[in-house]
Amino acid sequence: MKRRRSGADTAFKSMTLIFASSAVVLSLIYFFELYYGSTLTLKSGISFVTGSTWDPNNQVFGVLPMLYGSLVTSAIALIIGVPISLGVAIFLSEISPQVLRSPISFVVEMLAAVPSVIYGLWGLFVLAPILRTNVYPILESRLGFLPIFQGTIYGVSVLTAGIVLAIMIIPMVASISRDALLAVPDSQREAAYALGATRSEVIRMSVLSYARSGVFASIFLGFGRAFGETMAVTMLIGNTPLISASLLSPGYSLAALVASEFTEATTQVYISALIEAGLVLLVVSFIANVVARLLIRRLIRSREAASYL
Amino acid sequence: MLESVTSLDVEERQRLEPHDALETKMEVVGLDAWYSTKQALVDVNLNVRSNKVTAIIGPSGCGKSTLIRCLNRMHELVPGSRVTGSVLLDGKNIYGSDLDAVDVRRRVGMVFQKPNPFPNMSIADNVTAGLKLAGVKDESSMKEVERRTLERVGLWDEVKDDLKRSGASLSGGQQQRLCIARALAIEPEVLLMDEPCSALDPTATAKIEQLITSLKQTYTVVIVTHNMQQAARIADYTAFMYLGKLIEYDETTTLFENPRQELTERYITGKFG
Ligand SMILES: Nc1ncnc2c1ncn2[C@@H]1O[C@H](COP(=O)(O)OP(=O)(O)OP(=O)(O)O)[C@@H](O)[C@H]1O
Ligand SMILES: [Mg+2]
């Protein structure tokens, strides 16, 4: 009896181990596929990442503008999207009356399931015109002394893509962090209330602090989604391989590059260059994840001693 | 509200209360409490004496937790809950307009059944969490409070070298003492404890009982326990509750040796059921 039970246990354990390692194996497969697919351009070395000229006709491939575009649009998405997502999550888990909770959650989760091409269309035909005529001119006249708000306004731009990305990541970041907040035991809230905390203090001192790893996980996933988002960005960023200080100028992103040029890539070396762009996308998002995790761990540790959250 | 105090049936109140001239710290008057439609407390009257330990005993579900959670306005955090009647703290109704919930909870601290330190805060930060909420910033006075309260709960020697460690890294009994320290750090007047030892082993329980006995010099303690021996060991006064009503309230020895109500007698002799 005993032996059979432990046999089942071992089988279960090895099954979970197989599933868990399949994630690792899959990422290694992606990596090596991309690596071998791009041997032709990998030879030219680091200039692929540091070069800012993208001229397939003359076989000059530098993806710095695309890398820059990917990073900047993702950063904009996080800067705008994360606070809103946290607000939604906190509202849903801590503030909303019971009756509103599930309808709002339902809508938020529905939004997470909207295909990105729909966001792209909406961004292109609804949001971009509004931004072009009503918002960007104001930004330029009020904050035009900042280099990030200068230059010709086209509508499609790095900022437009970033804003739509923010809207796209909100549902996911909000619902994952809401789940993390809902998982905080009531005893933690009561502990803070019993010390004379107000509701907002309870949220800061006990709820967010307790749920922080889940909240950070949701932000990482949001970054991953924004960084790799292809369709909507392709439609909104303007697909121009330029690095411009202004967020109002068009730009390009790695994912948009691969998606929009794959059909035109007729030569082996052009294809190799696009695959290498995919490789850069994968490696950079991996590095960004690791760095963010380390930073947060460091941040938390130094704060731990001083204060909460 | 105050009118209803005097209009209460005098005989009734004498039956419910120990008659002595001790100072009253908290007075529960005609308290009813509900969870949405379920009434959990029915007309509870109770006089909590200053610098004494008052125990609340009774079978599971009789409303002990509900009662002490009404003493620091924690009950109202449950959605749909409701309270009527009054609870006087030094003569002032905590449900009245001149006190708000935050003030009440600072003056009437609480320790819970399951130890609930903040796991992402260090031991030291757990102790001073309430002080930070109250706006204290001075580092050196915090250090001083950390040491004093941890000594008070007998934890200082055990943790003084790792005050930076997480509060969740302690044993269950240590966590509970940490939670007591956290409650004491803001110097409440009353300390409410809801079965603080039920998750602990006998050694840890003994330590906490000892601590409670020493606390009454400075604080007024109200403790819920389902352990009658514990009530007999540490409490000066004991209240027996049944089905949301306060059946009998007296000095602990009287209640256990000479109960006036048959229900009480049956409960303490274990003939309940
Ligand atoms: N959150 C709640 N919602 C609805 N009813 C509740 C809630 N909490 C408690 N009750 C009910 O109120 C009554 C009193 O509960 P309470 O928790 O005060 O009992 P207790 O004496 O502390 O019991 P125990 O010894 O098991 O802790 C019980 O009948 C219980 O079912
Ligand atoms: Mg209880």
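Cut-offs and rules
Residues numbered from 1 in each chain as written. Chains lettered and ligands numbered in written order. Predicted model: local features only at pLDDT ≥ 70, side-chain atom pairs only at ≥ 80, totals over all residues. Heavy atoms only, no water. Helix = DSSP H or I, 4+ residues; strand = E, 2+ residues; numbered from the N terminus. Contact = heavy atoms within 4.5 Å. Areas by Shrake-Rupley, 256 points an atom, 1.4 Å probe, with all protein chains shown as cover. Lys, Arg positive; Asp, Glu negative; His and termini not counted. Charge placed at Lys NZ, Arg CZ, Asp CG, Glu CD. 1 Å grid on protein atoms, 1.4 Å probe; cavity = no way out; pocket = protein on both sides within 12 Å on 5 of 7 lines; lining within 4 Å. Points joined across faces, edges and corners; volume = space filled by probe spheres on them. Nonpolar A, V, L, I, M, F, W, Y, C, P; charged D, E, K, R; others polar. Buried area = accessible area lost by both parts, 1.4 Å probe. Salt bridge = Lys/Arg side-chain N within 4 Å of Asp/Glu carboxyl O. Polar contact = N/O pair within 3.5 Å; in protein donor to acceptor, adjacent residues only side chain to side chain. Buried < 20%, exposed > 50% of the residue type's maximum accessible area, 1.4 Å probe, protein only. pLDDT = per-residue confidence, 0-100. Phe/Tyr/Trp six-rings, centres within 6.5 Å; stacked < 30°, edge-to-face > 60°. Pairing = 2+ DSSP bridges.

### Describing the overall build of chain B
Along its length, chain B carries 12 helices and 10 strands. Projecting the C-alpha coordinates of chain B onto the three principal axes gives extents of approximately 55 × 40 × 40 Å. Contacts spanning at least 24 positions in sequence make up 68% of the contacts within chain B whose residues lie at least 6 apart. As displayed, chain B has an accessible area near 11700 Å², and 48% of this comes from carbon and sulfur atoms. Computed over 33 positive and 38 negative side-chain charges, the inter-centroid distance for chain B is 5 Å.

### What about the layout of surface pockets?
Residue and element names in this part refer to chain A. Here the largest pocket defines a volume of roughly 550 Å³. When residues of the lining of the largest pocket are assigned to their parent elements, the largest contribution, four residues, is made by helix α8 (residues 186-193). Here the second largest pocket defines a volume of roughly 460 Å³. Looking at the second largest pocket, it is lined by 18 residues, and the ones nearest its centre are Ser27, Leu282, Ser285, Phe286 and Asn289. Every element with two or more residues in the lining of the second largest pocket is listed here: α1 (2-37), α10 (212-228) and α13 (268-306). Broken down by element, the residue count for the lining of the second largest pocket peaks at seven residues, all from α13. When grouped by side-chain class, the residues that make up the lining of the second largest pocket number 11 nonpolar, six polar and one charged.

### A word on the interface of chain A and chain B
In this complex, chain A contributes 22 residues to the contact, which on the side of chain B involves 24 residues. Across the chain A/chain B interface, buried area totals approximately 2100 Å², and carbon plus sulfur atoms make up 61% of it. When residues of chain A are sorted by the area they lose upon contact with chain B, Glu190, Ala194 and Leu195 of chain A head the list and together hold 29% of the total. On the surface where chain A and chain B come into contact, there are one salt bridge. Seen at the junction of chain A and chain B, the total is five residue pairs in polar contact (both at pLDDT 80 or more). Breaking the side of chain A that touches chain B down by element, the ones donating at least two residues are α8, α9 (199-210) and α13 of chain A. With six residues, α8 of chain A is the single largest residue contributor to the side of chain A that touches chain B. Taken together, the residues that form the side of chain A that touches chain B break down as 11 nonpolar, seven polar and four charged.

### Overview of the pattern of salt bridges
Tallied over the entire structure, the rule returns 23 salt bridges over all chains. One salt bridge in this structure joins arginine 189 of chain A and glutamate 94 of chain A, with 2.7 Å as the shortest N-O distance. Taken together, the residues span a long stretch of sequence, with arginine 189 of chain A in helix α8 and glutamate 94 of chain A in helix α4 (residues 64-95) at a distance of 95 residues. Taking relative accessible area as the criterion, arginine 189 of chain A reaches 11% and is therefore assigned buried. The class for glutamate 94 of chain A is buried, based on a relative accessible area of 11%. The salt bridge involving arginine 147 of chain B is made with glutamate 151 of chain B; its shortest N-O contact spans 3.0 Å. You can see arginine 147 of chain B and its partner glutamate 151 of chain B sitting in helix α6 (residues 139-152), four residues apart, about one turn around the helix. Judged by its relative accessible area of 41%, glutamate 151 of chain B falls in the partly exposed class. Connected through shared salt-bridge partners, Lys25, Asp90, Arg107 and Glu189 of chain B make up one network.

### What to know about the confidence of the model for chain A
Residues and elements named next belong to chain A. When pLDDT is averaged along chain A, the result is 90; 95% of the residues meet or exceed 70. Mean pLDDT in chain A bottoms out at α13, which sits at 82, and peaks at α4, which reaches 96. Confidence drops under pLDDT 50 across residues 305-309; counting only partners more than four residues distant or on other chains, this segment forms 14 contacts.

### Some remarks on the packing of aromatic side chains
All chains considered together, the criterion is met by 10 aromatic pairs over all chains. Grouping aromatic residues by their ring pairs yields a cluster made of Phe31, Phe32, Tyr35 and Tyr36 of chain A.

### Concerning the pairing of strand β10 (residues 245-251) of chain B
All names here are of chain B. Counting buried positions along β10 yields five of seven residues, so the element is predominantly enclosed. Pairing geometry for strand β9 (residues 237-242) and β10, over six bridges, is antiparallel. Its bridge partner lying in β10, tyrosine 237 is registered against glutamate 251. The loop that links β9 with its antiparallel partner β10 comprises two residues; one of these, leucine 243, has a positive phi angle of about 50°.

### Focus: the environment of threonine 84 of chain B
Residues and elements named next belong to chain B. Position of threonine 84 relative to the elements: it lies in strand β4 (residues 81-89). Here threonine 84 falls in the partly exposed class, since its relative accessible area comes to 31%. Here the alpha-carbon distance between threonine 84 and valine 29, two residues 55 residues apart in the chain, equals 9.5 Å.

### Regarding unusual backbone geometry
Residues and elements named next belong to chain B. If you check the backbone angles, aspartate 90 has positive phi at about 50° while not being a glycine. Within the secondary structure, aspartate 90 sits in the loop between β4 and β5 (92-93). One non-glycine residue, leucine 243, lies in the positive phi region at around 50°. Take leucine 243: its relative accessible area is 63%, and that puts it in the exposed class.

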